[in-house]
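# Residue-level structural notes
Now for the letters of each chain:
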Amino acid sequence: MGLLDKQFEDGNIVVAKADDLMNWARLSSIWQLGFGLACCAIEMMATSASHYDFDRFGVIPRNTPRQADVIIISGTVTLKMATRIKRLYEQMPDPKYIISMGSCSNCGGPYWEHGYHVLKGVDRVIPVDVYVPGCPPRPEALLEGLLKLQEKIRKESLRTKSA
């Protein structure tokens, strides 16, 4: 046995890639900026309540975009609110993620055809990472969307910027 083997014989050593370690830390502590605009916001709040417990996935609600990792857009996005959403997105530090929750934020929902003021999807102003379908989607669907986002974060690399 060499000198190095004797030093580490009784200790616990974990060997991991830096990307894996950093991605595990990031996906285990996602700070959310909830942006509830309509009925989907009720389901988003239910997901954060005790029955579904968003906190067990490391999702912590924040009230400022400067401390948030993800925006959950839930509800009907009007043209007036689109500029505010874009401003909040631009204030977030990188890396930042977007979850679009519900038919209204995904594609305008039932209002896009007859409402001139409704945006035909939030992806027209900010890039969306995960779409959660439904009208309104159940809390389980939002949890599934979060798991999809965590999977995306797990596969990222710190060395190369993903587009």
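Here the structure is shown first, and the text comes after it.
Here's a quick rundown of the structure. Computed from a prediction, not measured in an experiment: that's the story for all the values here. (Residues numbered from 1 in each chain as written. Predicted model: local features only at pLDDT ≥ 70, side-chain atom pairs only at ≥ 80, totals over all residues. Heavy atoms only, no water.)

This part covers the packing of helix H2 (residues 18–27) against helix H6 (residues 139–154). Following both chains from N to C, one finds H2 and H6 inclined at 160°, their axes separated by 9 Å at the closest point. Taken together, H2 and H6 sit at an angle that is classed as roughly antiparallel. Relative to H6, H2 is oriented so that their crossing is right-handed. The residues of H6 that touch H2, namely those facing Asn23, Arg26 and Leu27, are Gln150, Ile153 and Arg154. (Axes fitted to C-alpha atoms, helices over the stretch in contact; angles between N-to-C directions. Helix = DSSP H or I, 4+ residues; strand = E, 2+ residues; numbered from the N terminus. Parallel < 35°, antiparallel > 145°, perpendicular 65-115°, else oblique. Left-handed = near helix turned anticlockwise from the far one by under 90°. Contact = heavy atoms within 4.5 Å.)

Excluding glycine, a negative phi dihedral is what most residues carry, and trans is how most peptide bonds are arranged. Of note, the amide linkage connecting Asp94 to Pro95 takes the cis form, showing an omega dihedral of -10°. With respect to the secondary-structure elements, Pro95 resides in the loop between helix H4 (79–91) and strand S4 (97–101). Across the junction of Cys135 and Pro136, the peptide omega takes the value -20°, indicating a cis bond. With respect to the secondary-structure elements, Pro136 resides in the loop between strand S5 (130–132) and H6.

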